[in-house]
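Descriptive structure summary
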Amino acid sequence: MTKQRALIKKIVYDSYSHPTAVAIYEEAKKVLSSIALGTVYRNLNLMVESGEIRRISIPGQPDRFDKTLTPHGHMQCTECGRVFDFFIDNLERDIHECTGADVLSFELSVQIICADCIKKRTASCS
């Protein structure tokens, strides 16, 4: 594994924010000033293809990258833009019981206003 790829992987695995390629690039530049944005994109694509990370596609937004490979959904705050993981126990089983189909994978995205943004709204109204 190249030092660039190892650094990119570390940034994704250390992040809880589901970073974009540009955010990963900006973080990587702090450690390895010679890294190119194209190198970040190329390595992220390779890591997605090899199953090391997941790509999260959000319509109208840049792709984000996730270290959590177990099936789960994502919630995106429409105010601050943060993306959060959420897990639904037995979703695959429930779908199978209702339809007879085997779920191979799923992408579930929910738009929310996060608790922090709700608190900010409430504070600004006081």
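This report concerns the structure included in the present document. (Residues numbered from 1 in each chain as written. Predicted model: local features only at pLDDT ≥ 70, side-chain atom pairs only at ≥ 80, totals over all residues. Heavy atoms only, no water.)

1. Things to note about the layout of surface pockets
Here the largest pocket is characterised by a volume of approximately 150 Å³. Taken together, 14 residues line the largest pocket, and the ones lying closest to its centre are Y16, S17, H18, V83 and F84. Here the element with the most residues in the lining of the largest pocket is strand 4 (residues 83-86); it accounts for three residues. Considering only residue class, the lining of the largest pocket consists of six nonpolar, four polar and four charged. (1 Å grid on protein atoms, 1.4 Å probe; cavity = no way out; pocket = protein on both sides within 12 Å on 5 of 7 lines; lining within 4 Å. Points joined across faces, edges and corners; volume = space filled by probe spheres on them. Helix = DSSP H or I, 4+ residues; strand = E, 2+ residues; numbered from the N terminus. Nonpolar A, V, L, I, M, F, W, Y, C, P; charged D, E, K, R; others polar.)

2. Concerning the packing of helix 2 (residues 21-31) against helix 3 (residues 37-49)
Two numbers describe how helix 2 lies on helix 3: the axes approach to 9 Å, and their chain directions differ by 120°. In terms of orientation, helix 2 and helix 3 fall into the oblique class. Handedness of the crossing formed by helix 2 with helix 3: right-handed. Across the interface between the two elements, A21, V22, I24 and Y25 from helix 2 touch L37, V40, Y41 and L44 from helix 3. Classifying every residue of the contact of helix 2 with helix 3 by side-chain character gives eight nonpolar, no polar and no charged. (Axes fitted to C-alpha atoms, helices over the stretch in contact; angles between N-to-C directions. Parallel < 35°, antiparallel > 145°, perpendicular 65-115°, else oblique. Left-handed = near helix turned anticlockwise from the far one by under 90°. Contact = heavy atoms within 4.5 Å.)

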